[in-house]
Amino acid sequence: MCYQISPTSILIFGGFDRQNRTNASFVYNSSANSKSIERSADLPTVGSFSTMVFQIEDALYTVGWNNQKKNLYKYNITGGYWKVDEDFTIWFGYIKIFLYFCISNSWGFGVLG
């Protein structure tokens, strides 16, 4: 998967390395003067990911899973590191994800926040 993290940088993470899933992450710099790709912090665990990545302030979020459980992965853009949000669980699919962010980010949904 990939997501633009600055005007000239794209975070590339997860996927397959010909045969196996990988937890590798890279940052591609697309500036005209110096195109480059550098290794970034690895994902905490290897797994599959949803097709959606979203950004809230200085963090990217995506849902991933392996054979044991589903996780919410958070990438700190400034710090350049990943972590698994241990408070997150899947509950009625993506409805709980929406409610989780409404409450944790105080998006002003009255009773929820």
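Right, let's walk through the structure included here. (Residues numbered from 1 in each chain as written. Predicted model: local features only at pLDDT ≥ 70, side-chain atom pairs only at ≥ 80, totals over all residues. Heavy atoms only, no water.)

Summed over the entire model, instances satisfying the criterion amount to three aromatic pairs. Ring centres of Phe54 and Tyr61 lie 5.8 Å apart, and the angle between their planes is 20 degrees; this geometry places the pair in the stacked category. Tyr61 shares its class with Phe54; the two are buried. Arranged with centres 5.0 Å apart and planes meeting at 55 degrees, the rings of Tyr75 and Trp82 form a pair that is tilted. As far as burial versus exposure is concerned, Tyr75 and Trp82 are alike and both buried. Every member of this aromatic cluster is reached through a ring pair, and the members are Phe13, Tyr75 and Trp82. (Phe/Tyr/Trp six-rings, centres within 6.5 Å; stacked < 30°, edge-to-face > 60°. Buried < 20%, exposed > 50% of the residue type's maximum accessible area, 1.4 Å probe, protein only.)

Below, the discussion takes up unusual backbone geometry. Of note, the phi angle at Glu57 is positive, near 55 degrees, even though the residue is not glycine. Within the fold, Glu57 resides in the loop between β6 (54-56) and β7 (59-65). (Helix = DSSP H or I, 4+ residues; strand = E, 2+ residues; numbered from the N terminus.)

In terms of nonpolar packing, the biggest core is built from twelve residues, these being Ile5, Leu11, Phe13, Leu43, Phe49, Val53, Leu60, Tyr73, Tyr75, Ile77, Trp82 and Val84. Broken down by secondary-structure element, the contributors of at least two residues to this core are β2 (9-13), β8 (70-76) and β9 (81-84). Ignoring anything within four residues of it in the chain, the contact list for Leu11 reads Met1, Cys2, Tyr3, Ile5, Ser25, Phe26, Val27, Ser40, Leu60, Tyr75 and Trp82. Counting residues in hydrophobic clusters, the runner-up holds six residues, among them Phe54, Ile56, Tyr61 and Leu72. (Core = buried A, V, L, I, M, F, W, Y, C linked by side-chain atoms within 4.5 Å. Contact = heavy atoms within 4.5 Å.)

Next up on the list: the environment of Thr45. Here Thr45 shows up in the loop between β4 (36-40) and β5 (48-49). Among the residues examined, Thr45 registers a relative accessible area of 28% and is labelled partly exposed. Separated by 19 residues in the primary sequence, Thr45 and Gly64 place their C-alpha atoms 9.2 Å from one another.

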